[in-house]
Every structure is written in structure tokens, then in C-alpha cells.
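Here is how the chains run, residue by residue.
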Amino acid sequence: MANIHPAGVFDTTYEEDMSVDRTARDKLWKNLAFVALLVVPLLSVSGPLGLGLISDQYVGLIARIAIFVIAVQGLNILVGYTGQISLGHAAFMAIGAYGSAILARELGFTFWTALPVSALLTGVIGLFFGLPSLRVKGFYLAMATLAAQFIIPWVLRYPLEDLTGGTRPLNVPAPLIGPFGSYADDLIDDTTPLVFQAGDPYLVDVISLELTKVDGAHPVIELHNPGGDIVPAGDFNMTVFRDAGGKITGFSYIATKPGEYAITATVEDGAAFRARARRGKALSFATETAMYYIIVPLSVLLMFLARNIARTRTGRAFISVRDNDLAAELLGINVFGYKLRAFFLSAVYAGIAGCLLAYERNSLALDMFRLDISIEMLAMLIIGGAGYPLGALFGVTFIRVLQEAAIPALRPRLLEILPELFPFIEVVNITSAINPVLFGGALIVFLVLEPRGIAHRWEVLKVAWKIRPYAY
Amino acid sequence: MPVKLHVDSVSLSFGGIKALQDVDFQVEAGEIYAVIGPNGAGKTSLINSINGFYAPQQGRIIFDGRDMTHVPPYKRAELGISRTFQNIALYTNATVLDNLMAARHIHMKSNMLTGALFWGPAQREEIAHRSIVEEIIDFLELEQIRKSIVGTLSYGLRKRVELGRALALEPSLLLLDEPMAGMNIEEKEDMARYILDIHELQGTTIMLIEHDIGLVMDISHRIAVIDFGVKIGEGSPDEISKNEAVIAAYLGEGEH
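Thresholds, definitions, all that
Residues numbered from 1 in each chain as written. Chains lettered and ligands numbered in written order. Predicted model: local features only at pLDDT ≥ 70, side-chain atom pairs only at ≥ 80, totals over all residues. Helix = DSSP H or I, 4+ residues; strand = E, 2+ residues; numbered from the N terminus. Buried ≥ 20, exposed ≤ 12 C-beta atoms within 10 Å, placed from the backbone. Contact = placed C-beta atoms within 7 Å. Pairing = 2+ DSSP bridges. Axes fitted to C-alpha atoms, helices over the stretch in contact; angles between N-to-C directions. Nonpolar A, V, L, I, M, F, W, Y, C, P; charged D, E, K, R; others polar. Domains from an automatic or database assignment. Left-handed = near helix turned anticlockwise from the far one by under 90°. Core = buried A, V, L, I, M, F, W, Y, C linked by C-beta atoms within 7 Å.

(A) Layout of the overall build of chain A. Along its length, chain A carries 15 helices and 10 strands. Counting over 472 residues, chain A shows a buried share of 40%. When contacts within chain A are restricted to residue pairs at least 6 apart in sequence, those whose partners lie at least 24 apart make up 76%.

(B) The arrangement of the sheet that holds strand β3 (residues 194-198) of chain A in detail. Residues and elements named next belong to chain A. Here 3 strands make up an open sheet; going across it, the order is β3-β8-β5 and the pairing antiparallel. Either end of the sheet is taken by a strand with one partner, and the two such strands are β3 and β5 (220-224). Adjacent strand axes in the sheet meet at a mean angle of 20 degrees when their direction is disregarded. Pairing geometry for β5 and strand β8 (residues 259-266), over 5 bridges, is antiparallel. Note on β8: the bridge partner recorded for E222 is T264.

(C) Broad picture of the interface of chain A and chain B. Listed by partner, the interface residues are 27 residues for chain A and 36 residues for chain B. The set of elements that each furnish at least two residues to the side of chain A that touches chain B consists of α1 (14-18), α8 (288-310), α9 (313-323), α10 (325-330) and α11 (335-361) of chain A. Of all the elements, α9 of chain A adds the most residues to the side of chain A that touches chain B, at 7 residues. Per-class residue counts for the side of chain A that touches chain B are 13 nonpolar, 8 polar and 6 charged.

(D) How the structure looks around the domain arrangement of chain B. Residue and element names in this part refer to chain B. What the domain assignment lists for chain B is domain 1 (1-80 + 172-256) and domain 2 (86-170). On a C-alpha basis, the centres of domain 1 and domain 2 stand 26 Å from each other. Broken down by secondary-structure element, the contributors of at least two residues to the side of domain 1 that touches domain 2 are α2 (73-79), β7 (173-177) and α7 (185-202). Considering only residue class, the side of domain 1 that touches domain 2 consists of 7 nonpolar, 2 polar and 4 charged.

(E) Up close: the packing of helix α5 (residues 121-139) of chain B against helix α6 (residues 155-168) of chain B. Residue and element names in this part refer to chain B. Relative orientation of the contacting elements α5 and α6 amounts to 140 degrees, with a least axis distance of 10 Å. For the pair α5 and α6, the crossing hand works out as right-handed. On the side of α5, the interface is formed by V133, I136 and I137, while α6 contributes G164, L167 and A168. Each residue belonging to the contact of α5 with α6 can be placed in one class, and the counts come to 5 nonpolar, 1 polar and no charged.

(F) Region of the structure containing the sheet that holds strand β8 (residues 205-209) of chain B. All names here are of chain B. Strand order in the open sheet formed by 6 strands is β6-β7-β8-β3-β9-β10, and the pairing between neighbours is mixed. One side of each edge strand has no neighbouring strand; the edge strands of this open sheet are β6 (81-83) and β10 (230-235). Put simply, the sheet's adjacent strands are angled 20 degrees from each other on average, direction ignored. Pairing of strand β3 (residues 32-36) with strand β9 (residues 222-227), which is carried by 4 bridges, proceeds in the parallel orientation. Note on β9: the bridge partner recorded for Y33 is R222.

(G) Summary view of the pairing of β9 of chain B. Pairing geometry for β9 of chain B and β10 of chain B, over 5 bridges, is antiparallel. Across the sheet, residue I223 of chain B finds its bridge partner in β10 of chain B, namely G235 of chain B.

(H) Focus on the nonpolar core. Residue and element names in this part refer to chain A. Residues A71, A94 and A353 are the most contacted members of the largest nonpolar core, which totals 185 residues. In terms of residues, this core owes the most to one element, α11, which gives 17 residues. Not counting residues up to four positions away in its chain, the partners in contact with A353 are I67, F68, I70, A71, M93 and G96.

Set out below in C-alpha cells:
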């Protein structure tokens, strides 16, 4: 599709010809869209300004779309540009998610260091599962990557159960900036609790306990509210620090809800315990609104980087491998090398998306990374337009909006009509069938009407708009 | 003239089928060397062996004095061997420009990281190579279609784009596998003109495979004839046209 400029705009340099946003108006639209995205949470009900113009549901929806845009863009690099296939993309997200959570929980990484490290780790594992692409293509490669989808969750569930909690949900600490300084240094032991006041959810108290003396059994350390009840797990984040031998050396508490808290330690008879508590203020991303400001800009950045990769040397090599791997090899492209690069890059994107998903939810379960999520991501890519820079954005937005906004909106009305139309089907079956049938139906209609994806239709529309009122 | 390419007694077989038997010839630097032969004679197998796509069971491929028998195909391209294909093998869903730019791969340095940022050196590199590619577009008269998707182009144009892509590698040896197959007279003459121009302007050594004997006689300096995987004759166009074995292979014995 030729890049059509408005009348009177001519390219006089190659730089102009290559630019993505050729005119000031193109740039303006893109910047406006970005600013609009950043403003959304400020207008939401629980946003810091408390304006209440937009339902919180939509802030979460946009954040989840942005996370999956990253994952599907990774898939786009592999499937859309390089023509390989992966049925294990959700498993790579699981590595990013569990990797970053474990790094933070067990090794004291912060979110900011856990994100790149877990992304690279996912990339390396993706590289490993890309090795079969040396010999096999198409359906056979799909089967080979399916192995990742079975092996990785199994490894996380059984051999690594001590770290991941197996089938139980795993708590993920909130990303923090800080703590800034330490303004208090208190001692607590089995008789003296530490009482502190937690502020607003964006600027939180971080309390780290450094165990200075433990004799006998490990103490039971608990967080109580003033009534003396134990604080529910969702209201605070706790990280346990261990030394190389697995011995607990400290804890870190972050209270995310305002109120007064007390940390107490109880020990069995005869045991002694003492800890030094350091308190500091930190900027917390524990709330959905705050995570939004990490997720959305990162998603935009990763889309931008992927687009540039696609239009430079590496991307052209990917496309060469996809369109004609024999010609590519004979014309100087190390086909296997570039397949592996695509697997690596794709897994890095999946890893980042997985990590963000973990920190957005504050809690992880293996159920979030099932095979059907991998397949759903492929469906998103195909509907959005594989091999188009905006394919991931369109596909994820379409399916997520369909699932989370359109179908729930239609549902009550359908529940009235359908039992009358199909009296021979039990109502309970209709209720459970509405979502999958509408979802599947929308997919089929889309694939029949626009098999090249929404992104293709978008480019056709853009050209039609620019050359209006002429038809061709 | 130094020897550009030495195909040193190459034998290639697929199971019981002997595609090439002890084929031996030398292409000198700066000449247009043609390989002709009936269908199924082993011409394309020969080019594929030179390229490294097939691994001959016997013999060696020596390029610029270097034994390339065990060098992988993409490295041979880096050393200066480029080619076109009998059944066009372009990147069909990419534009003409991207097809040509993709062939600049071996001359470019940007990687995933610098490309992703598209800033500074990576952008300057893109522009520098774009202007080289534009010269080729200019030479092959592809200006009108530079941003067309290759899959939408006509056969004749695609053949020309493929020649452009082979040139974008800046090869010192250009292998052309039936560059004029399926073309009408006019298109063939255009193609012949391009081949002669490439040879004259860039001094590229060209080895071509072609069915159109008349055309081959007109443009090549030396010709080798292959039949059933065996070289049955070699020489200047004049010598070939008088060679008894060649006449027999092409016209059948005792009928001329």
C-alpha cells in the first residue's frame, strides 16, 4: 500500500520518505491519542483527582489491553513478520510473570530490576524452544512449540513448587520507587510491637524488619489492625528475604490501605527474638491507576520499538525468511539465526507482558497461562492483522472490548430473547453458551469479511480517506 | 584473466539419479559465461551447487581462489555470489523497495537494538543504502513500482525486480537462472540489454543459464553445454555452433 500524502506534500529526501508520521497533522493525532490515554485514569472514579467521570472498569480494561498488546506484538514479530508459529506464547508469559515475582520475593529484586531480568530470561528460554525451527516448519513447528506450553507450566507447578506455590496463588509485591531515606529506626521483640500509621495508597510506608536475634524456632510475625485482628492478605504486601542458606533474614511490609497497623512477633516458649525495623516512604504502584502509568507508556514504547525493528535491517530479514526462506539463505541472510532472533524477541515481549500482568494483578496463578490463552492470542493477531505494525493493537482491542464490554452489555437482552426462541434448550445451557457463541461468531464473521485483518482494512480506509472524493 | 569460479569435477546425485557427473569448468573474471542444455540436463542443480544449496558428493567449488565447498550458502552471498531464480523467488508480500533493501543485508550493520531505536547511525545507514538501491531502481527503470507489493506485479516486472535484488548485493559473480524464461521478444531484448549493461558498467562476472540459444550466442563470451549431467562441450559461441556433440544433443543424431 503506497504511502499517500495529502495534495501538495512531496518527499524531497529519503528521510522524509521513510518517516512514519510525515505531516504535522499525523504527529498531532498520535500525540493527542497518547495524551488522551494518559488522562483516562485521572478522570476515573478512584483516580487521584476523584472526578468520577469514567468507570474504574475501563481503566482496568485499557491496562489489560495494553499488556496483551505487548504479548501479541511479540507474537506478531514471530508469526506475522517471520512466518514461524508458536502455540506456547502464554507459557512464555508465565516465565516472565513467575520469574519476576520470584526474583522480587526471594532475591530482593525490585520491580524495575526484575522486569528486564525476567524478560531476558524468558528470551533465552524462548530461544531454546525456537531450536526446532532449524528443521521443521508450519504444523510441525506448531507441535514443537506446543511442547513449551506443556513443559513450562508443569515445571512451574511441580519441580518449582517451593518457589511458585504450585496451584496456590502467589502474591506479588507492588512496584515501588523508594523508599526514600529511613526516618525511623525501631526495635521490636516478642513483647514490643511496632505500631505505625499507613497513609494514602500512592505514598506508602515501607517497613523492613532485619532479624537481629533469633533463637530456636522462627517467630510468627503478623500484621494486626487496631482491633487486634489479622490484616487480610490483600491489604498489604509482604516480602521475605532469605540468605543463601534459605534462612530468613528479614521481612518487608507495605501497607496499601490507609489506617493504623501493628506488627507483632510471637515466639514459642523460651525462644528469643529481636528485629530492627526501618521505616521509609515510597511511591507505590499497588493500585490499578498507578500500574496504568507503568503499563501504558511501556506498551506504547514497545510498539514503537517493534515498528522500527520491522522497517529496518532485522525486520526485512524476518520478512525475507517468512516470504521465501530459500531465497533469503542464498542472498546472505542467516535464516536460522534470524528465526532464533525472532523467537528471542517474541519471548522477551511475552516476558515483559507476563511480568506486567503479575504486578497488575498482585497475584499469580498458573491458570492465567493456559493453552487457550496462547490460542486466543493467535486469534487476536489474525483478526488484528498479522504482519502489520498495528495488527496487535487492533486485534487485542477488538477481542477485549468484545469480551469485556460488548458481550456483557448485550447479555441481559439476549437472556430475555433466547429462551423464547429456543424453548427446547434449558435456560442454564443458554446462559453458559452466550459468551463463547458470540465470541466465536464474531471471529468467524471477521475472518470471512476481512481475512487479512483489521489493520489491512485500516490501511485501505486511510488511503480512501486521503484521496477522497475520488474512488481510486 | 584470473579465474573467478572453478567448478572442480563436481558430481551430485539424488539417490540413484546422477544430476551432475564430474562437471568441470572455469569462469574467468569479467566474462559472461553461459551454460546451456536440454530440460533436466542438470543446469539448475549446477547453480544450486555453486550457491551451496546442494552439497555435491564429489568435487570442489572454488571461488576467488578459495575452496567454498563447505561454506554455508549465506556466507557465500557475503563473499560476493548473488543469483536469480528460474521460478521467481521474491519476497512476495513486501514492496519492491523492501525486496531490494533486504538484499543490502550483508552490507549493513544495524542490529535489533540500533534498528529499534532508528536514530543516529542506524537512520543514516538506512538512508545511505536507500540511495544505492535507488540507483538500481533507476537503472532497471522500476521507479513507478518501487512501492508496489511484489505479489501484485506482472511476470516480466517481477523478473526485473529479481535481477534488481540480485544486483543490490553488489556481487562480483552473478548467477542468472533462466533470466528470460517465459518472456516475449521485447522483454527478452530488454533483459539482454540489462545483462550487457551490468557487465559493462560494473564489470561483474556473469554466469547464466538459458534456453534461448540464439540469445545466448549473441551475448556470451563462452558457453558450456550440459546434457544428462555431463559437460559435452565448451567454447566460444562459434565453436559451440559447430560442435557435433552439441548439435546431436539439441537436434537429435542424424537428422540435420
